[in-house]
Amino acid sequence: MGRINYGPYLFDSKGILSAVYLDGKPLLKWKMIPIPLSNLNENNLSFNNSVSKFIGISARKSSPGVSLKEPAFYSGNFVVDKVTDTYMSFNGWGKGVAFVNNFNIGRFWPSFGPQCNLYVPAPVLQRGNNVLVILELESPEPELMVNSVDRSDFTCDSNHLKVREL
């Protein structure tokens, strides 16, 4: 994800550098739509409009028995009685980014690591209602859950963690 800034690899190009393909065919007349990630609460009209456009243009017709892996946003609320440092477990999720109360708590990719739980510092949480927004990039499944756990996990083994369902 980083860039090399020294030696013979100084010109480490990133991004779209050639034609874009979809199902083996070049994709023509496609649009990039910016999605503002600076204010991710549920009442943000700019965010909701961008996500609606994103969903509208990214949805493809699926054939029976074919699952599409397209990015998806998930949003939910959870209540905190006692504000303390905690971790959120993304076991079972694909790859993505999570935000708590508009604060980016980090990227997750539990199938590859290096961490399966993301640290949520106490100052990010507030007593009462909190908002969690997840951008899942690989395998959106409506049945997935996020759990609050008591410590970090670098092995993706949730058997030794105290789990509190959110």
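What you are looking at is a predicted structure, and each value in this text was computed from that prediction instead of being measured.

(A) Here's a closer look at the overall build of the protein chain. Scanning the protein chain from terminus to terminus reveals one helix and ten strands. Listing each helix as α and each strand as β along the protein chain from the N terminus yields β-β-α-β-β-β-β-β-β-β-β. Within the protein chain, the proportion of its 166 residues that are buried is 30%. Considering only contacts within the protein chain whose residues lie at least 6 apart along the sequence, 63% involve residues at least 24 apart. Here the protein chain displays about 11,500 Å² of accessible surface, and carbon together with sulfur accounts for 55% of that area.

(B) Highlighting the sheet that holds strand E6 (residues 103-108). If you trace the four strands from one edge of the open sheet to the other, you get E3-E8-E5-E6, paired in antiparallel fashion. Unpaired on one side and paired on the other, strand E3 (72-80) and E6 mark the two borders of the sheet. Each adjacent strand pair in this sheet contributes to an overall mean axis angle of 20 degrees, direction not counted. Taken together, the five bridges between strand E5 (residues 96-100) and E6 define a ladder with antiparallel strand orientation. Counterpart to Ala-98 in the pairing with E6 is Gly-106.

(C) The confidence of the model for the protein chain, seen in detail. In the predicted model, the protein chain carries a mean pLDDT of 74, and 63% of its residues have values of at least 70. In this model residues 59-63 is a low-confidence stretch, pLDDT under 50, and it forms six contacts with partners more than four residues away in sequence or in other chains.

(D) Broad picture of the nonpolar core. Counting 16 residues, the largest nonpolar core has Met-88, Phe-90, Ala-98, Val-100, Leu-132 and Ile-134 as its most contacted members. Mapped onto this core, the elements with two or more residues apiece are E3, E5, E6, strand E7 (117-120) and strand E8 (128-136). In this structure, Phe-90 is in contact with Ala-98, Phe-108, Pro-110, Cys-116, Asn-117, Leu-118, Ile-134 and Val-146, ignoring residues within four places of it in sequence.

(E) Inspection of the environment of Lys-82 at higher detail. As for its placement among the helices and strands, Lys-82 is situated in the loop between E3 and strand E4 (86-89). Spatially, the C-alpha atom of Lys-82 lies 6.6 Å from that of Arg-127, the residues being 45 residues apart in sequence.

(F) A nonpolar patch on the surface, seen in detail. Judged by side-chain polarity, Ile-16, Leu-22, Leu-27, Trp-30 and Met-32 come together as a nonpolar surface patch covering roughly 490 Å² of accessible area. Position of Met-32 among the secondary structure elements: in the loop between strand E2 (25-26) and helix H1 (45-58). Residue Met-32 is classed as exposed on the basis of its relative accessible area of 66%.

Each value, and the rule that gives it
Residues numbered from 1 in each chain as written. Predicted model: local features only at pLDDT ≥ 70, side-chain atom pairs only at ≥ 80, totals over all residues. Heavy atoms only, no water. Helix = DSSP H or I, 4+ residues; strand = E, 2+ residues; numbered from the N terminus. Buried < 20%, exposed > 50% of the residue type's maximum accessible area, 1.4 Å probe, protein only. Contact = heavy atoms within 4.5 Å. Areas by Shrake-Rupley, 256 points an atom, 1.4 Å probe, with all protein chains shown as cover. Pairing = 2+ DSSP bridges. Axes fitted to C-alpha atoms, helices over the stretch in contact; angles between N-to-C directions. pLDDT = per-residue confidence, 0-100. Core = buried A, V, L, I, M, F, W, Y, C linked by side-chain atoms within 4.5 Å. Patch = residues over 30% accessible without salt bridge, like charges linked within 9 Å, V, L, I, M, F, W, Y side chains within 5 Å. Salt bridge = Lys/Arg side-chain N within 4 Å of Asp/Glu carboxyl O.

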